[in-house]
Amino acid sequence: MRGPAIKALLDRRFHLGQRGTSVGREGVAGLTAFMAAAYLIVVIPSLLASGGMDRGAATTAAIVVMAAGSLFMGLYGNLPFIVGPGLGGSAILGITLAQTEHIPWPAGLGIALLSGVLFLVMTLTGARTLVMRLVPAPIKLGLGASLGLFIALLGCRDAGMVALNTKSVALSLGDFSQPGPIVALIGLGVAVALQARRLPGAMLAGIVAATLAGIPLGLTVLPSSLVALPRSFQPISFQVDIGSAFSLTALPYLFAFFAGEFFSTLGTTLAVGAKASLTDEHGNLPGIERPFLVDSVMATLGPLIGIPSGTALVESAAGVEAGGRTGLTSTSAALCFLATLLITPLVMAVPRQATAPALILTGLSMFGTIRHLVADEIGDLLPALVMVLVTLVANNFGTGIAAGILAYVLVQILAGRVARVPVGLLILSVPLGYYFYVAATRH
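Being a predicted model, the structure only gives us computed values, none of them experimental.

Reading the values: rules and limits
- Residues numbered from 1 in each chain as written.
- Predicted model: local features only at pLDDT ≥ 70, side-chain atom pairs only at ≥ 80, totals over all residues.
- Heavy atoms only, no water.
- Domains from an automatic or database assignment.
- Contact = heavy atoms within 4.5 Å.
- Buried area = accessible area lost by both parts, 1.4 Å probe.
- Salt bridge = Lys/Arg side-chain N within 4 Å of Asp/Glu carboxyl O.
- Polar contact = N/O pair within 3.5 Å; in protein donor to acceptor, adjacent residues only side chain to side chain.
- Helix = DSSP H or I, 4+ residues; strand = E, 2+ residues; numbered from the N terminus.
- Axes fitted to C-alpha atoms, helices over the stretch in contact; angles between N-to-C directions.
- Parallel < 35°, antiparallel > 145°, perpendicular 65-115°, else oblique.
- Left-handed = near helix turned anticlockwise from the far one by under 90°.

**Examining the domain arrangement of the protein**
The domain boundaries assigned to the protein delineate domain 1 (19-159 + 216-350) and domain 2 (375-442). The partner domain 2 presents 24 residues to the 25 residues of domain 1 that form the contact. Buried area between domain 1 and domain 2, both sides added, is near 2300 Å², and the carbon and sulfur share of it is 77%. Where domain 1 packs against domain 2, one counts 0 salt bridges. For the pair domain 1 and domain 2, the number of links is 0 residue pairs in polar contact (both at pLDDT 80 or more). Of all the secondary structure elements, the ones that give two or more residues to the side of domain 1 that touches domain 2 are α5 (87-100), α7 (128-134), α8 (137-159) and α11 (251-275).

What follows is the structure, given as structure tokens:
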């Protein structure tokens, strides 16, 4: 098939002319979106390895999920959204569940799988609007801020910028003369400089700069071969402990996985869709059921492969900024992700201190959601702040969610506005209250 015939086929398949774009522009946009999200290929496996997973297997699995999800979105949804595992879900599984709560990663995958199944069922039945009404706006905004703070703090700890003071059981500044903080600061400086100039791939460039700086400092150990066949993800695939998801302890984390997937998908599709001029005059995305179905399917299949949660990534905005308007953008990005399977030894050589800048910047950007709260409305502001504060103090995202929901219910009751609280939220507050009581009295 000749070049013009291929272009004509792609135009018909992706409606390029209708959306005012071209094959070349979509290819550049796909490459740009890939560069913006490529840091996740390093960060996600690093987070999961912290919880006991095999990093090589997690690297292969993460790449496969990102390639498959983006390809699915491109061919089925015809939208310029790349799909992959979110930082929030990976941090919950690798850090909160495995390290803090000492819950094995197969059990964490079980919770993530149940969340994905619920998301899929609600997508197929059209029950998303019910969830939107059930969870009040302050909790939605507080979730992003709370998880963002948790991720940023995790990055600071990985870099050695923040340490746990064993005497006071409090956080303190780390030793910035050590290689870890130095490497992280170099990567952070590069990423901030490029991001401020709105250049694509800022996060990835920061990781590369930090990794190179780690060579003379002894943190980065280069592999003997940069190119090799990908590691099998068999050690982590189909290791799901679904039984552990049906427990009271798992409830806040089930909500955390579900809320992260649900609201991340909704926010990303609407925001990025508007940037690509794909939304209507009311700000709605026509055919939003398609990207929702893609994300819910990947959120269900991902844990079976070994990767928790799958969602439309906010890094898709970089591809749209470069001119992406159709599914050819996400399809091109998927091919780029597949190509990285041959350089997994190089990916695994990146030290965790080099990925810290990406965690810090991503976390801080998520914290910005709290600015949308009304400052003089205590019934809205207090629950979100309680969620953030408890997450920080307890170093536990699940405990923060439980505290935020309970604070919202309690504040509304005390203010005489119990009618504003959905019945479902009142019912949910009972087991969450018990969970919070157990978490608070465990020590």
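**Side note on the packing of helix α9 (residues 179-196) against helix α10 (residues 202-213)**
Their axes nearest at 7 Å, the elements α9 and α10 cross at an angle of 150°. Taken together, the axes of α9 and α10 lie roughly antiparallel to each other. In this structure, the crossing between α9 and α10 has a hand that is right-handed. Where α9 approaches α10, its residues V183, I186, G187, V190, A191, L194 and Q195 are matched on the opposing element by A202, M203, A205, G206, A209, A210 and A213.

**Description of the environment of S50**
In this fold, S50 is placed in helix α3 (residues 40-50). Linking S50 and I95, residues 45 residues apart in sequence, is a C-alpha distance of 6.6 Å. What S50 contacts, discounting residues up to four positions off in sequence, is G94, I95 and Q99.

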